[in-house]
Amino acid sequence: MTEAIASRTARAIDAARAEGRAALVVYLPVGYPDVDTSIAAAKAAVDAGADIVELGLPYSDPGMDGPVIQAAVQAALDAGTRTADVLRAVREVAATGAPTLVMTYYNPVHHYGVAAFAADLADAGGAGLITPDLIPDEAGEWIAAADRYGLDKVFLVAPSSTTERLHLTAAASRGFVYAASTMGVTGARVSVGERAEALVAATRSAGAERVCVGLGVSTGEHAREVAGYADGVIVGSALVRTLQRSDGDIEAALADLQGLTRDLASGVRAARGAPAPQDLDQAGSVGSA
Amino acid sequence: MTTRGRRDEGDAGDTRDEARRSEAAVDSETTVAMSANNRALRDALGPYFGEFGGRFVPEALIAALDDLTAAWEKARTDPEFTDRLAALHRDYTGRPSPITEVPRFAAHAGGVRVLLKREDLNHTGSHKINNVLGQALLTQLVGKRRVIAETGAGQHGVATATAAALFGLECTIYMGAEDTRRQALNVARMRLLGAEVVPVETGSQTLKDAINEAFRDWVANVETTNYVFGTVAGPHPFPTLVRDLQKIIGEEARGQVLERIGRLPDVAIACVGGGSNAMGLFHAFLDDPVRLIGCEAAGDGVETGRHAATITAGAPGVLHGARSYLLQDADGQTIESHSISAGLDYPGVGPEHSWLSSIGRAEYRPVSDAEAMDAFRLLCRTEGIIPAIESAHALAGALRLGNEIVGDAPAGTDPAETVLLVSLSGRGDKDVATAASWFDLVDENDLIEKGTS
């Protein structure tokens, strides 16, 4: 990884590592159920133990997302969510101190202007981008902009990635490498893919210093399992689902979101015997945060 | 490459200022493009066509795309593969498809000569079969037993289901739920052929969403499944692969026109949605002094915003794995396209077309629903050929172009010196209900009952 530029995301992962645990990375799409609630939800997740936040930029053609996130981003777009709203959300969530990345398909960034987007994201306090449909081979413009503005470049690896591509992706990434646990799209699954552990090991062998695992992680038990071998655990659909309420009770939704986040935060600590999150208040003063 | 200056054979000399101007522009720009890479335009192999193309897909698909690229590189020059494909074209599809001169139709095009390349006469009724037979053979070659495909109008879905039946492959077709209602008979056809048809309920429930869903299936099942992409769009190698499998259209037509009239046509015209029949027609002529015109679906009119005229009214962007022209809003969100023709109702276009447009080698013109339907009826009544509504866009383009050329020609020029070659990419059986409704030929209620019964 390129380490000449200090990455806040990498620092947060290293801080978790120093506590003997994996980092908890949460995904929430901006604009679902509305922009302000999505910002409140991300802040609530940070309060409940999330270390790193991924804010999703809603896109009309989310080819790598399963039904839960598809429906949420479509609702966000139908409600009029704009790219500018995402940058506002980044500004507010980053103010919590948690590294805040934007997870986005490439076209909205391409259309905004890659350099202009990088400049505005950096100005908003954003940590970088996760790009599910942009491979390093096609990312020259984004890599140059990210390096210029000191942003994280989180690229993905998959169980089908060759060793050569793992090296390429590890070398191009900054912050962490996103290991897709399974061949498939986002969404809660009964179990996390069996190939995830081997993929994390192979990605480390290819030079990645920090590897986080996403796709299919939905429970504290999954988080505990993944935290046994990965530097970070990424959860999306399961959290988005807590916000799907037909009664529109935002307080209840945020309470559910925080409940699941605490469960996941316990999971990332349980694997290697780190203090449980309820002890965080006491542990915080001696932690490396 | 030795005949860049003028059309080489049988040219009438001093004619048609506008055509000459545009031809001169084409020549100078293609010369620049060719000198840049010192290759003929026909040799463009991807993954990039100028600044277009590429692979904007999840990493999970890269290994499969690499495998497919390697398999195609090997197969395209392997006599065992090419012989098998040629035999299928001949014995199964019925190739070569003929060219038909249509003088009664051409009388409405200023009196120029119009030749149709009859892809409508292929087995399954359109050019789509050319591509799927090649990709089904390739699927066998890479050792996979299942194919998936997207479909809009249903033509590519029917063709894929046909090839899957022929090769004994498992087959799943993704089709927008909206399109399954508009094209219920094609859904029945695919099911008769043994395919599973999955209506896609997400997004706009049309072709673009069917492609998204097919990609999701492919990511999850890539080890057993080949994605038989239907057009010259998508990530590399699909634009190159599908073009290579469709270029038989232009290669046959070029020889047939030379044989028929002793020279090349002045213009080659085809409709463009994703652009596979157009790329198939154009490819053989890329290095010839032949004007190339792609007709995009202008729906209610480009000015209304309800259209599918991607190159005319879009901007470069990334959708479905490639950088190309795209209909998108101020935030880069895909705009839903509109066209009476389901096969052209797509907000993107193949990257090679974007490139040919950017270097001035091909022109892309909008044709509205109304113009296309007028041309549809005219061909029915003057020549006894019911075209696909997609192909009717090319026919409308030919009518307008013929009249332009004749109108701009000096007095005394014989209009019949100009020859237009038009790709009749498909037949219109599937469109009879749409046409009957458009022209108010039957009671609407009868039509609905028949469509759903």
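Up top you'll find the structure we're talking about.
Notes on the structure in this doc start here. (Residues numbered from 1 in each chain as written. Chains lettered and ligands numbered in written order. Predicted model: local features only at pLDDT ≥ 70, side-chain atom pairs only at ≥ 80, totals over all residues. Heavy atoms only, no water.)

## Comments concerning the overall build of chain A
Turning to step 1, where the next piece is worked out: A count of helical and extended segments in chain A gives 13 helices and 9 strands.
Turning to step 2, where the next piece is worked out: Dimensions of chain A, computed from the C-alpha atoms along their principal axes, are close to 45 × 45 × 35 Å.
Turning to step 3, where the next piece is worked out: Out of the 289 residues in chain A, the part that is buried amounts to 62%.
Turning to step 4, where the next piece is worked out: Expressed as a percentage of contacts within chain A between residues at least 6 apart in sequence, the contacts between residues at least 24 apart total 73%.
Turning to step 5, where the next piece is worked out: A total accessible area of about 10,000 Å² is found for chain A, and carbon and sulfur atoms account for 50% of it.
Turning to step 6, where the next piece is worked out: Treating the 22 positive side-chain charges of chain A as one cloud and the 35 negative ones as another, the clouds have centres 4 Å apart. (Helix = DSSP H or I, 4+ residues; strand = E, 2+ residues; numbered from the N terminus. Buried < 20%, exposed > 50% of the residue type's maximum accessible area, 1.4 Å probe, protein only. Contact = heavy atoms within 4.5 Å. Areas by Shrake-Rupley, 256 points an atom, 1.4 Å probe, with all protein chains shown as cover. Lys, Arg positive; Asp, Glu negative; His and termini not counted. Charge placed at Lys NZ, Arg CZ, Asp CG, Glu CD.)

## Considering the packing of aromatic side chains
Turning to step 1, where the next piece is worked out: This model, assessed by the stated rule, comprises 13 aromatic pairs over all chains.
Turning to step 2, where the next piece is worked out: Plain terms: the ring middles of Tyr112(A) and Phe117(A) are 5.2 Å apart, the flat faces sit at 85 degrees to each other, and that makes the pair edge-to-face.
Turning to step 3, where the next piece is worked out: Ring geometry for Tyr227(B) against Phe238(B): centres 6.0 Å apart, planes inclined by 65 degrees, an arrangement best described as edge-to-face. With Tyr227(B) in strand S8 (residues 225–227) and Phe238(B) in helix H10 (residues 238–246), this residue pair connects regions lying 11 residues apart in the sequence.
Turning to step 4, where the next piece is worked out: Every member of this aromatic cluster is reached through a ring pair, and the members are Phe215(B), Trp218(B), Tyr227(B), Phe229(B) and Phe238(B). (Phe/Tyr/Trp six-rings, centres within 6.5 Å; stacked < 30°, edge-to-face > 60°.)

## Considerations on the side chain of Glu390(B)
Residues and elements named next belong to chain B.
Turning to step 1, where the next piece is worked out: You can see Glu390 is positioned in helix H16 (residues 389–408).
Turning to step 2, where the next piece is worked out: At 2.8 Å, the side chain of Glu390 forms a polar contact with the side chain of Lys430.
Turning to step 3, where the next piece is worked out: Dropping the residues within four chain positions of it, Glu390 is found in contact with Ala153, Cys271, Ser341, Ala342, Gly343, Leu344, Lys430 and Asp431. (Polar contact = N/O pair within 3.5 Å; in protein donor to acceptor, adjacent residues only side chain to side chain.)

## With respect to unusual backbone geometry
Turning to step 1, where the next piece is worked out: Going from Tyr32(A) to Pro33(A), the amide bond is cis rather than trans, its omega being -5 degrees.
Turning to step 2, where the next piece is worked out: Within the secondary structure, Pro33(A) is located in the loop between strand S1 (23–29) and helix H2 (35–47).
Turning to step 3, where the next piece is worked out: Here the residue pair His236(B) and Pro237(B) is connected by a cis peptide bond, since its omega of 15 degrees sits within 30 degrees of zero.
Turning to step 4, where the next piece is worked out: Tracing the chain through its elements places Pro237(B) in the loop between S8 and H10.
Turning to step 5, where the next piece is worked out: For Leu215(A), which is not glycine, the phi torsion reads 85 degrees and is therefore positive.
Turning to step 6, where the next piece is worked out: On the secondary structure map, Leu215(A) appears in the loop between strand S8 (211–214) and helix H10 (220–227).
Turning to step 7, where the next piece is worked out: For Asp440(B), which is not glycine, the phi dihedral falls at a positive 60 degrees.

## Observations concerning helix H12 (residues 250–270) of chain A
Turning to step 1, where the next piece is worked out: Taking 1.5 Å of rise per residue, the 21 residues of H12(A) would be expected to cover 30 Å, and the 30 Å separating its terminal C-alpha atoms lies within 8% of that figure.
Turning to step 2, where the next piece is worked out: Near the N-terminus of H12(A), the side chain that reaches the backbone nitrogen of Glu251(A), with its oxygen 3.2 Å away, is that of Asp249(A). (Expected span 1.5 Å × (residues − 1).)

## Overview of the nonpolar core
Turning to step 1, where the next piece is worked out: If you look at the biggest cluster of nonpolar residues, it comprises 160 residues, and the most contacted ones within it are Trp142(A), Phe176(A), Tyr178(A), Val233(A), Trp218(B) and Tyr227(B).
Turning to step 2, where the next piece is worked out: A domain-level breakdown of this core finds at least three residues from each of domain 1 (17–44 + 95–125 + 246–452) and domain 2 (50–93 + 128–241) of chain B.
Turning to step 3, where the next piece is worked out: In contact with Tyr178(A), other than residues within four places in its own chain, are Glu54(A), Met103(A), Ile130(A), Val154(A), Phe155(A), Leu156(A), Val157(A), Cys212(A), Gly214(A), Leu215(A) and Ile234(A).
Turning to step 4, where the next piece is worked out: Ranked by size, the runner-up nonpolar core spans 38 residues in total, among them Val114(B), Cys271(B), Leu378(B) and Leu395(B). (Core = buried A, V, L, I, M, F, W, Y, C linked by side-chain atoms within 4.5 Å. Domains from an automatic or database assignment.)

## Observations regarding the sheet that holds S1(A)
Residue and element names in this part refer to chain A.
Turning to step 1, where the next piece is worked out: The 9 strands lie next to each other as S5-S4-S3-S2-S1-S9-S8-S7-S6, forming an open sheet whose pairing is parallel. Since the sheet does not close on itself, it has two edges, and those belong to strand S5 (152–154) and strand S6 (156–157), each with one partner.
Turning to step 2, where the next piece is worked out: Relative to S5, strand S4 (residues 128–130) is paired through 3 bridges, and the arrangement is parallel. Across the sheet, Leu129 pairs through a bridge with Lys153, a residue of S5. (Pairing = 2+ DSSP bridges.)

## Overview of the interface of chain B and chain A
Turning to step 1, where the next piece is worked out: Contacts between the two partners involve 35 residues from chain B, matched on the other side by 36 residues from chain A.
Turning to step 2, where the next piece is worked out: When the area that chain B buries against chain A is broken down by residue, the three leading residues are Glu59(B), Arg216(B) and Asp331(B), summing to 26%.
Turning to step 3, where the next piece is worked out: Inspection of the region where chain B meets chain A yields 4 salt bridges.
Turning to step 4, where the next piece is worked out: Residues Lys208(B) and Asp61(A) are paired through a salt bridge, measuring 2.9 Å at the closest nitrogen-oxygen approach.
Turning to step 5, where the next piece is worked out: The interface formed by chain B and chain A includes 23 residue pairs in polar contact (both at pLDDT 80 or more).
Turning to step 6, where the next piece is worked out: Those elements that provide at least two residues to the side of chain B that touches chain A are helix H2 (62–75), helix H9 (207–221), strand S12 (315–319) and strand S13 (322–326) of chain B.
Turning to step 7, where the next piece is worked out: When residues in the side of chain B that touches chain A are grouped by element, the largest group, 7 residues, is from H9(B). (Buried area = accessible area lost by both parts, 1.4 Å probe. Salt bridge = Lys/Arg side-chain N within 4 Å of Asp/Glu carboxyl O.)

Any link to function would need more than the numbers given here.
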